Structure formats: C-alpha cells, structure tokens
Amino acid sequence: MLKRMQPDGQTQAGNWRLEGTIQEARQKLHNEPFLVSHDLDKSDLFDVRRLVEVAKSAAHRPGDVYYDAGDVAIGDKWGQIPVPDMPVDQVIERIEHSGAWVILKQVEKDPAYAAVLNEFADFVRAVAGPELARDLRKPEFLVIVSSPNRITPFHFDAEINFLVQVRGEKKVWICDPHDRSIITQSDIEAYYSGVGTAGKWRPEFESKARHLVLKPGSAVHIPTHAAHWVHNGAGVSVSLSLNFEFPGWRNRDVYLVNNVLKKLGMRPSPPGKVHAIDVAKSVAWQSAKRVGKVLGQTRG
Ligand SMILES: [Fe+2]
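Residues numbered from 1 in each chain as written. Predicted model: local features only at pLDDT ≥ 70, side-chain atom pairs only at ≥ 80, totals over all residues.

Here the focus is the overall build of the protein. Assigned secondary structure in the protein consists of eight helices and 13 strands. The globule rule puts the C-alpha radius of gyration for 300 residues at 19 Å, and the 20 Å found for the protein is close to it. The principal-axis extents of the C-alpha atoms in the protein amount to approximately 55 × 55 × 45 Å. Expressed as a percentage of the 300 residues in the protein, the buried residues total 36%. A separation of at least 24 residues holds for 80% of the contacts in the protein among residues at least 6 apart in sequence. (Helix = DSSP H or I, 4+ residues; strand = E, 2+ residues; numbered from the N terminus. Rg over C-alpha atoms; globule rule 2.2 N^0.38 Å. Buried ≥ 20, exposed ≤ 12 C-beta atoms within 10 Å, placed from the backbone. Contact = placed C-beta atoms within 7 Å.)

Here the focus is the sheet that holds strand S5 (residues 100-104). Spatial ordering of the open sheet is given by S1-S2-S3-S11-S8-S13-S6-S5-S4, a layout of nine strands whose pairing is antiparallel. Both outer strands of the open sheet, strand S1 (12-13) and strand S4 (65-69), are each paired with one neighbouring strand and no more. Pairing analysis gives two bridges linking S1 to strand S2 (residues 16-18), with the strands arranged antiparallel. Pairing of Ala13 across the sheet is with Trp16, part of S2. Lying on the sheet, helix H4 (residues 111-133) is in contact with S1, S2, strand S6 (137-146) and strand S13 (237-245); it crosses S6 at an angle near 120°. (Pairing = 2+ DSSP bridges. Axes fitted to C-alpha atoms, helices over the stretch in contact; angles between N-to-C directions.)

Among the nonpolar cores identified, the biggest contains 71 residues, and Val102 and Val143 are the most heavily contacted of them. In terms of residue count, the dominant contributor to this core is H4 (seven residues). If you count residues domain by domain, this core takes at least three from each of domain 1 (12-246) and domain 2 (250-299). Setting aside anything within four residues of it in sequence, one finds Val143 in contact with Leu51, Val54, Leu104, Val107, Val238 and Leu240. (Core = buried A, V, L, I, M, F, W, Y, C linked by C-beta atoms within 7 Å. Domains from an automatic or database assignment.)

Let us look at H4. The end-to-end C-alpha distance of H4, which contains 23 residues, comes to just 24 Å, noticeably less than the 33 Å that a straight helix rising 1.5 Å per residue would cover. The sharpest bend along H4 reaches about 75° and sits at Val127, with the proline Pro130 one to four residues further on. Considered for burial, the residues of H4 that qualify are Val116, Phe120, Asp122, Phe123, Val124, Ala126, Val127 and Ala128. Those residues of H4 that are buried lie in contact with S1, S2, helix H1 (22-28), S6 and S13. (Expected span 1.5 Å × (residues − 1). Bend = angle between axes of the 7 residues up to and from the residue.)

For strand S3 (residues 35-38) and strand S11 (residues 218-222), the ladder comprises three bridges, and the chain directions are antiparallel. Bridge pairing in S11 links Leu35 to Val220.

Looking now at helix H2 (residues 48-58). For H2, the complete set of buried residues consists of Leu51, Val54, Ala55 and Ala58. Along the axis of H2, the buried residues cluster in a sector spanning 105°; they form a single face. Residues of H2 that are buried in the fold lie against S4, helix H3 (88-93), S5, S6 and S13. (Arc of directions from axis to C-beta.)

Okay, the domain arrangement of the protein next. Segmenting the protein into domains produces domain 1 (12-246) and domain 2 (250-299). The C-alpha centroid of domain 2 is placed 29 Å from the C-alpha centroid of domain 1. Tallying the contact residues gives nine residues for domain 1 and eight residues for domain 2. The residue inventory of the side of domain 1 that touches domain 2, partitioned by class, reads four nonpolar, three polar and two charged. (Nonpolar A, V, L, I, M, F, W, Y, C, P; charged D, E, K, R; others polar.)

For sheets, the rule is that strands pair by backbone hydrogen bonds, running either parallel or antiparallel. Ordered by their spatial adjacency, four strands build an open sheet running S7-S12-S9-S10, and the pairing between neighbours is antiparallel. Looking at which strands have only one partner, the edges of the open sheet turn out to be strand S7 (151-155) and strand S10 (210-214). Sheet twist, expressed as the mean angle between neighbouring strand axes with direction ignored, is 15°.

Moving on: the environment of Ile74. With respect to the helices, strands and loops of the structure, Ile74 is situated in the loop between S4 and H3. Sequence separation between Ile74 and Trp229 is 155 residues, and the spatial gap between their C-alpha atoms is 6.8 Å. Apart from the residues lying within four places of it in its own chain, the contact partners of Ile74 are Ile151, Pro153, Phe154, Trp201 and Trp229.

Our next topic: unusual backbone geometry. Even without glycine at this site, Gln106 takes up a positive phi of about 50°. The residue Gln106 is located in the loop between S5 and H4 in this model. One non-glycine residue, His225, adopts positive backbone phi at about 70°. Classification of His225 by C-beta neighbours within 10 Å gives buried; the count is 23.

Right, let's talk about the environment of Arg125 for a bit. Within the secondary structure, Arg125 is located in helix H4. Given 17 C-beta atoms within a 10 Å radius, Arg125 is considered partly exposed. A sequence separation of 94 residues divides Arg125 from Asn31, and the C-alpha atoms of the two residues are 16 Å apart.

Now the structure itself:
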C-alpha cells in the first residue's frame, strides 16, 4: 500500500524514494532529469531466468515484443539494426553474448508486475501534484533486457518517462527537452506524423547533455522530447521504462495540425503558448479523424 508523501519533505512511497523534496521533483517533472531510488533490484521479478518465461508469454501477443542485435552506433536508427532469426526467449538466454536489445511490453498482464506498475503510477502522480497528474494517462511498463556494452541510439519519446535500472550498469546522456537546436520543431512534427526515428545525433550534443551512471536501485526521469542515448556497462542490463502518455492537446494533435497549417503557408504557434488554442487544435484534429473514418466506412 502506498504511504502517502507529505509536502513537508517526506519522500518515500513504497519501493520509490526521491533524492530531494517533492517540491524539487515537482518542478523538474516534465522539464529536466532527476534521480529516483527504488528497491526493485531486490525483487526476483527481474531475474533474467524469470524474464525468459515472461518473454515466452509476451511473444504470443503481436506488438508486445521487439528485439534486434548487432554493433550499434549512437547515430543509428531503429529499423536498420538486424533482427536475430530466433525466438525472443532464446535471444534472452544468449543475452550475455548476443549484442541484443530486447523490449517486452505489457508485462503488467501478470498481476505481480501490475502491482509494480500501480505503485509506480501512484508515486509519480503524487510527485506530479493534482494539476499535472490529471494529464498523466495510460501508465505503461516495458522491460528492457540488453547485452553488455550495447548502445541504445539517440532518440526522443512522446511519453513522460522513468528509466529504472534493476540489473547491471549503464551510462545515460539526456539533453534539455526545450533545446530546439537538438530536437528541432520539424523533428517533433515529423515524429508525430509517423517518423518514429526523427532527430539526428551530432557529436556536439555530448557536451550539452547531462551525463549519468545508472546502477541497480537507481532511476532517472527522462522528460518528453528530451533526446537521450544509452551505453551499457560490462554486464547484462535489465532496466524498466515506466511511462505515461499525455493527452493529444498537450503535444501530438497540436503538432499534427501545425504540420497541415504550415503546408498551407501559415506560421502556427507551437503547443504550450495558449491553452485554448491547443485544445481547439486537438478538437479539430480529432473531429477530422472521426469524419475521415466515417467517410472511409461509407466508401468501404
Ligand atoms: Fe527512450
């Protein structure tokens, strides 16, 4: 059961602990990285042997498993990395030597993992406070198993994310989510238009990024649109991505509408300037989608 965090500096909630006060974390959430401690490294839920069984079950659900293997550089893109010709559970069994990167999604279908996700979601909502917590949707839980020295290339995500280290060590570089010289406005618009690999790594980003080492029992908050990349240490790594989606009016729908408006020669403002305009764009986008669907069904 979640121990409620108080605004007077108590920072423990179940398996999760803040390094500073709630107020500090609340200011940083969605704006800049901050560290969190946890006890999940003491749980046997994330032993590699157990994850082999989790992978076998995830493999029955299309879309809930992704894996690749090979020599990967920071600037590489997903989709260019070879996919091993073997089932995911065998990739994990060989993880020490396969140069692989495996993602297992929706592990919370098992109640033992659902309890981890629920406790985490309560913790982040408590940190966020009532206003931001209202916009934290669809908590999601990914398990990432990766080989020694494996690199996760430069990318950014739409979700508000925590990267949680459970086994092994990794170095993480995280850029300022608001620095449009790293992830440009066009990169974000391309991302929401379907280019999941939008954004291009340049060596000078390394000096701009915050550099951290994650060890078992530590986690870091990676804000939405903050470019990041990861380099595993000398051992097998098990980490978790625990994340939330934002409603469409915060980013996705606004960027999609802006993309259309720019093609019409207009210069729309990015999200976050005027709330009412963001919401209006989202309503317009969702309505257009619904009309498109109805027309498609009528014609089909
Ligand atoms: Fe990521």
